[in-house]
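# Breakdown of the fold
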Amino acid sequence: ALQRWAHPGAAAASVAPALTAKPMLVPLDVSRVSWYEPAFEVRLNTFIDCMSRDALAGGWSSLFSHGDGQVGAQARWLFSFAEPFHRYANDDFQKQLSNITETMSQRAVVMVGTQALKRGERNPINSVNLQEDVGAANQRYKGPLQAYMAIQQKTGKLDGFIYDEWMDDWARGSRGPFYLAADTIEKMKDECDRGGGRFSHDVECTRVVARSGTVHPEFFGLAGTTSQLTRHCAHPRFETSLFGSSDAPGAPIPYACASMSPSATWMTVAYVLLASVLGVQVVGMVVRWCCFEGFQGASRTDEPQQPTNEEAKELHVGYVTIRPGDQRLCGDHQIELQSTRLRSNEEAGWWLWTHVSSQMAILERQVQTEVDALRAIRDRRGHQQHAVGRKKSGSSGQFDSEAADDLDDDLARAMCVVHRRTMEGFASWCTYVSQSRTRSFCGHCGQGPDPAELRAHARAFSDENTERPSARLFVESLLLRVMESLGEQIISCPERLSYILFHVFREAGGMEDNGPVTFSIDLDELQDGLAQMSLHSNPYVRKKMPNGKWELGLNFDDINECGIQCREGVTKTFKEPASVMVMVDFFLCYRVPFMLKMYCFGIAAYIYLGSHMGDDMGTAHNGALWEPQWLRINFIQYTAVVDAGIWVFTEALLIFYIGWQRWPSLCHRSPGIPGVKWFVEHAFNLCVSALGGLWVYVQCSLLRKPWACSQSEVDDCVDPRVANLWGVLQWALLYWGCRLVVFVLMNVKQVPIFIYGTPDRKVRSESGRGWLDAWTLDFHVAVAWFCMLGTCVLLEVYMLLPAMKGLDWTTTCGMDLFGDIFGMPSQQGVCTEVQHMWGFKCVSCLASVTAGGLVVGLARL
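Everything quoted here is computed from the prediction, not taken from an experiment. (Residues numbered from 1 in each chain as written. Predicted model: local features only at pLDDT ≥ 70, side-chain atom pairs only at ≥ 80, totals over all residues. Heavy atoms only, no water.)

### Structural notes on the overall build of the protein chain
Formally: Strands here are runs of E lasting at least two residues and helices are runs of H or I lasting at least four, both read from the DSSP assignment and numbered beginning at the N terminus. When a residue's accessible area, from a 1.4 Å probe over protein chains only, is under 20% of the maximum for its type it is buried; when over 50% it is exposed; and in between it is partly exposed. Any pair of residues with heavy atoms lying within 4.5 Å of one another is described as a contacting pair. For the accessible areas, the method is Shrake-Rupley and the probe is 1.4 Å, while residue cover comes only from the protein chains on display.
A count of helical and extended segments in the protein chain gives 29 helices and 16 strands. A burial count over the protein chain gives 38% of its 861 residues as buried. Relative to all contacts within the protein chain whose residues are 6 or more apart in sequence, the contacts with residues 24 or more apart total 68%. Element-wise, carbon and sulfur atoms account for 61% of the exposed surface of the protein chain, whose accessible area totals about 49,300 Å².

In structure tokens:
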């Protein structure tokens with residue numbers, strides 16, 4: 001009817017003269033033809049041939065007989081092909097078009113359509129995805145055009161190519177393309193309850209796609225939408241034409257943008273406030289960096305008040321002769337106090353006498369208590385022996401405790417016990433410092449005491465004190481008590497007190513007993529550090545001190561460590577971490593438990609890859625536990641490289657951090673300060689990790705798992721690397737073996753960390769804690785750890801990892817960034833094309849998957 005309307009024949013005039021020279025397109029939808037069945041192909045060719053000829057020529061239709069003999073006005077076929085999104089990269093369309101044109105007698109125009117929406121992935125957050133490609137060079141557009149041009153060059157029967165990228169958009173309206181039958185736009189619309197229409201853009205109108213996905217009937221045309229910071233923008237889809245030309249070459253793409261809610265005014269106000277706060281913070285930080293005064297508010301030009309030369313040089317001295325109540329403890333020894341801060345010798349003497357008298361009274365009572373205890377022990381033992389002897393002899397005599405008393409011997413023994421208790425810390429300090437010459441790499445304590453002298457002091461205050469006079473033992477014990485009393489808060493720094501006490505003994509002639517001795521205490525040296533702490537105790541901020549240097553705040557740990565490092569003056573020995581350094585310190589302190597948990601998670605992931613608890617491609621048909629294939633072989637190799645990278649980073653960070661934190665103390669020996677052995681061990685681990693990881697990376701063999709092998713691992717789906725499995729995995733397995741040895745040797749501990757005074761092996765054995773008990777305890781601890789870590793592995797395999805089923809960058813988002821490493825085949829998604837990677841859909845998808853992974857990662861810790 002339409003042909004006769006435009007071409008009525010020679011006897012009548014055409015109703016539409018403008019259409020007489022235009023060809024009519026006869027639509028034929030071949031998108032649902034089963035091309036893989038020969039019978040359908042034969043029937044289709046027969047149908048096209050019969051429709052191309054009129055009844056006089058043995059055909060069925062006269063559609064192609066009109067046109068008044070004009071070649072350009074003759075009717076043409078309009079073949080409609082469907083190109084599913086997941087199959088656009090193959091050559092099905094070219095084969096289909098070739099099959100039709102080979103037997104076709106008429107000319108044709110080709111229309112290829114692909115869908116605007118695709119069914120969502122496994123992740124329920126995107127059950128429906130919009131296929132919007134902003135690159136004209138995308139294979140989705142180029143492939144059909146190249147196939148059409150190849151067939152046209154071969155047959156010459158094709159006159160045009162139409163690409164409909166939103167072919168499923170027509171299915172929305174209940175009346176399809178015949179909406180133009182109405183005379184107004186309002187009548188062309190369909191109500192929401194009737195399925196919506198071509199022009200129904202109301203957000204209340206929705207339709208269901210892919211079972212549960214809901215989409216709004218928006219216009220899917222050649223306009224693209226993007227989000228730019230705080231704006232939503234609309235713009236043309238393509239920067240260049242699909243067919244190789246451009247209407248405005250080099251011209252910028254026009255964007256129509258609108259600010260998000262709230263309005264642009266409030267957004268501007270927020271930006272200004274944020275910029276102001278940022279500016280204030282930057283200025284404050286620069287001021288602190290330049291002036292090193294932090295939040296103290298002091299001017300850099302303010303100089304602390306210095307004492308005058310006369311005050312600094314005037315020294316006042318006072319002394320007290322030690323005369324306890326028991327004359328047997330009196331040796332006419334003296335304790336002397338000197339200081340530049342006291343106003344006179346009398347004040348120095350009075351100050352010293354008040355401390356000495358109170359401490360001497362306390363010490364005498366302690367000695368007397370020890371004497372009474374020794375007598376009680378001896379009396380009890382004597383009564384027991386007398387009772388046994390009386391029972392054997394049958395006598396009835398009484399035990400005479402007075403006759404058995406030996407007062408001089410009890411006092412000497414009691415004084416030795418009290419002396420050893422009082423001076424135990426000093427003896428331990430002497431023992432520890434005497435070892436510093438052989439264990440420090442920068443010398444020990446500068447020009448400090450001789451180790452032999454220190455060991456002699458340690459013996460004199462422990463086992464050998466029974467041979468020394470009781471009066472000397474009494475005054476030595478009293479001297480330490482007086483120093484603790486005079487030092488006030490310095491009592492919290494026993495190592496510093498021991499260092500000063502050693503010099504007091506050295507100036508008094510050492511351990512030689514040559515009659516009365518004067519022990520001189522320097523109050524300024526004893527209380528060194530308290531004045532600095534009073535001026536500045538914030539360890540995170542630098543401040544100008546009376547010595548003219550800008551220093552961090554001092555604390556008692558620094559003062560105490562100066563004593564064990566044999567420093568003459570008190571200074572900062574440790575940098576407290578702040579800000580980012582706190583997180584670095586936390587990570588480095590717990591690096592071994594973290595890595596142990598990482599290894600457990602690696603074991604769980606390896607088991608999960610063959611557990612069939614995830615998707616078929618990822619967790620099925622990857623070989624047995626001891627005969628891995630595909631993803632498991634890849635996993636063993638790339639985890640070795642990742643582990644090497646983690647240890648290189650960790651060891652480098654550890655060396656840097658310890659060097660930064662302990663820099664003031666690196667040339668001294670004290671607990672926690674690394675030596676040459678420590679640096680060599682960690683540098684060795686760093687180098688071995690770097691070289692091992694690099695070698696595994698060079699030798700690794702990584703393959704992608706084909707889609708066809710998601711349901712099988714036999715026949716053609718056998719991993720080709722299985723034939724030489726040892727050759728493929730030998731370097732990775734060797735690395736893991738070395739890692740196990742290095743990890744155990746570097747982290748196994750046989751003694752507590754920095755706890756001195758623990759009973760030695762001989763004492764533990766004598767008290768019933770021998771090697772068998774120790775081995776049993778270690779075995780029980782190992783079993784407990786094995787059970788805990790094994791439980792963690794089971795929970796990760798059966799609970800945590802299945803919670804991320806289908807949630808990964810490749811499956812959910814189409815981000816094929818690590819596909820060659822993990823071995824997963826590529827999939828289409830919102831991040832497949834390069835142009836989409838910075839778009840809202842791709843970023844939100846990656847962020848969601850990453851957030852889920854972080855939650856699972858935190859749960860496994």
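Moving on from the coordinates now.
### Some remarks on the state of the cysteines
Stated formally: When two cysteine sulfur atoms are found within 2.5 Å, that pair is recorded as a disulfide.
Considering all chains together, one arrives at two disulfides under this definition. For Cys813, the disulfide goes to Cys845, at an S-S distance of 1.9 Å. Taking the torsion about the S-S bond as the criterion, the Cys813 to Cys845 disulfide, at about -90°, is left-handed. In this pair, Cys813 sits in helix α27 (residues 809-813) while Cys845 sits in helix α29 (residues 840-860), placing the two residues 32 residues apart along the sequence. Neither residue differs from the other here; Cys813 and Cys845 are each classed as buried. One disulfide in the model links Cys831 with Cys842; its S-S distance is 2.0 Å. Negative torsions about the S-S bond denote left-handed disulfides, and the value of about 120° found for Cys831 with Cys842 makes this one right-handed. In this pair, Cys831 sits in the loop between α28 (819-822) and α29 while Cys842 sits in helix α29, placing the two residues 11 residues apart along the sequence.

### Comments concerning helix α14 (residues 470-486)
Helical geometry note: an α-helix holds 3.6 residues per turn, so side chains three or four residues apart project in the same direction. How we decide: By this rule, a helix spans an expected 1.5 Å times one less than how many residues it contains.
For α14, built from 17 residues, the straight-helix expectation of 24 Å at 1.5 Å per residue is met to within 8% by its first-to-last C-alpha distance of 24 Å. Burial analysis of α14 places 15 of its 17 residues in the buried class, which makes it a mostly covered element. Once α14 finishes, Glu488 follows within two positions and takes phi at roughly 55°, a positive value.

### A look at unusual backbone geometry
Notably, Glu488 is not glycine yet its phi reads approximately 55°, a positive angle. The phi dihedral of Trp630 is positive, around 45°, even though this residue is not glycine. The topology assignment puts Trp630 in the loop between α21 (616-619) and α22 (631-661). Look at Trp630 and you get buried, because its relative accessible area is 5%.

### Quick word on the sheet that holds strand β12 (residues 316-321)
Quick reminder of the rule: Two strands are counted as paired when DSSP detects at least two bridges linking them. Each axis is a line fitted through C-alpha atoms, and for a helix only the stretch in contact is used; angles between axes span 0 to 180 degrees, taken between their N-to-C directions.
A sheet is described by the order of its strands in space; here three strands give the open sequence β12-β13-β14, paired in mixed fashion. The open sheet has two edge strands, β12 and β14 (518-522), and neither has a second partner. Averaged over all neighbouring strand pairs, the angle between strand axes comes to 20°, with direction disregarded. In terms of strand pairing, strand β13 (residues 334-339) meets β14 through five bridges, oriented parallel. Bridge pairing links Leu337 to Ile521 in β14. On the sheet, α14 packs against β13 and β14 and is oriented at approximately 10° with respect to β14.

### Considering the nonpolar core
Going by this rule: The definition of a nonpolar core used throughout is a set of buried Ala, Val, Leu, Ile, Met, Phe, Trp, Tyr and Cys residues joined through side-chain atoms within 4.5 Å.
Counting 63 residues, the largest nonpolar core has Phe426, Trp429, Leu478, Leu479, Phe505 and Ile521 as the members making the most contacts within it. In terms of residues, this core owes the most to one element, α14, which gives nine residues. Setting aside residues no more than four positions away along its own chain, Leu479 makes contact with Ile335, Leu501, Val504, Phe505, Phe519 and Ile521. Grouped together as the second largest cluster of nonpolar side chains are 26 residues, Val26, Ile48, Ala108 and Phe161 included.

### Overview of the side chain of Arg567
Note the cut-off: Note that His is not counted, nor are the chain ends; the positive residues are Lys and Arg, and the negative ones are Asp and Glu. By convention in these notes, a salt bridge is any Lys or Arg side-chain nitrogen within 4 Å of a carboxyl oxygen on Asp or Glu. The definition of a polar contact used here is a pair of N or O atoms within 3.5 Å, where within protein one atom must be able to donate a hydrogen and the other to accept one, and adjacent residues in sequence count solely through side-chain atom pairs.
Relative to the assigned elements, Arg567 resides in the loop between α18 (556-564) and α19 (580-589). The buried charged residue Arg567 lacks any salt bridge, with Glu561 as its nearest oppositely charged partner at 7.3 Å. In terms of polar contacts, Arg567 uses its side chain to reach the side chain of Gln565, at 2.7 Å. Residue contacts for Arg567: discarding those within four places in its chain leaves Arg496, Tyr499, Cys562, Thr573, Pro664, Ser665 and His668.

### Some words on the pattern of salt bridges
One pass over the full model with this rule turns up 21 salt bridges. Between Arg341 and Asp524 there is a salt bridge, with the nearest N and O atoms lying 3.2 Å from each other. Of this pair, Arg341 sits in the loop between β13 and α8 (345-393) while Asp524 sits in helix α16 (residues 523-526); the two residues are 183 residues apart in sequence, bridging distant segments of the chain. As a salt-bridge pair, Arg468 and Glu476 come within 2.4 Å of each other at their nearest N and O atoms. You'll find Arg468 and Glu476 in the same group, each marked buried. By sharing partners, the salt bridges in this structure join Arg76, Arg107 and Asp159 into a single network.

### Some details on the packing of aromatic side chains
Put simply, the test is: When two rings of Phe, Tyr or Trp (its six-membered ring) have centres within 6.5 Å they constitute a pair, described as stacked for plane angles under 30 degrees, edge-to-face for angles over 60, and tilted for the intermediate range.
On inspection of all chains with the given rule, the structure shows 25 aromatic pairs. Seen in terms of ring centroids, Tyr148 and Phe161 are 5.3 Å apart; in terms of plane orientation they differ by 40°. Their pairing is tilted. With Tyr148 in helix α4 (residues 139-155) and Phe161 in strand β6 (residues 158-164), this residue pair connects regions lying 13 residues apart in the sequence. Residue Tyr148 shares its accessibility class with Phe161, and that shared class is buried. Ring geometry for Tyr599 and Phe743: centres 5.8 Å apart, planes at 80°, overall edge-to-face.

### Regarding the pairing of strand β3 (residues 108-113)
Here β3 lies mainly inside the structure; five of its six residues are buried. Note: strand β2 (residues 76-82) against β3, six bridges, orientation parallel. Paired with Phe79 across the two strands is Val110, which belongs to β3. Sheet topology note: the β3/β6 ladder contains six bridges and is parallel. Paired with Ala108 across the strands is Leu158, a residue of β6.

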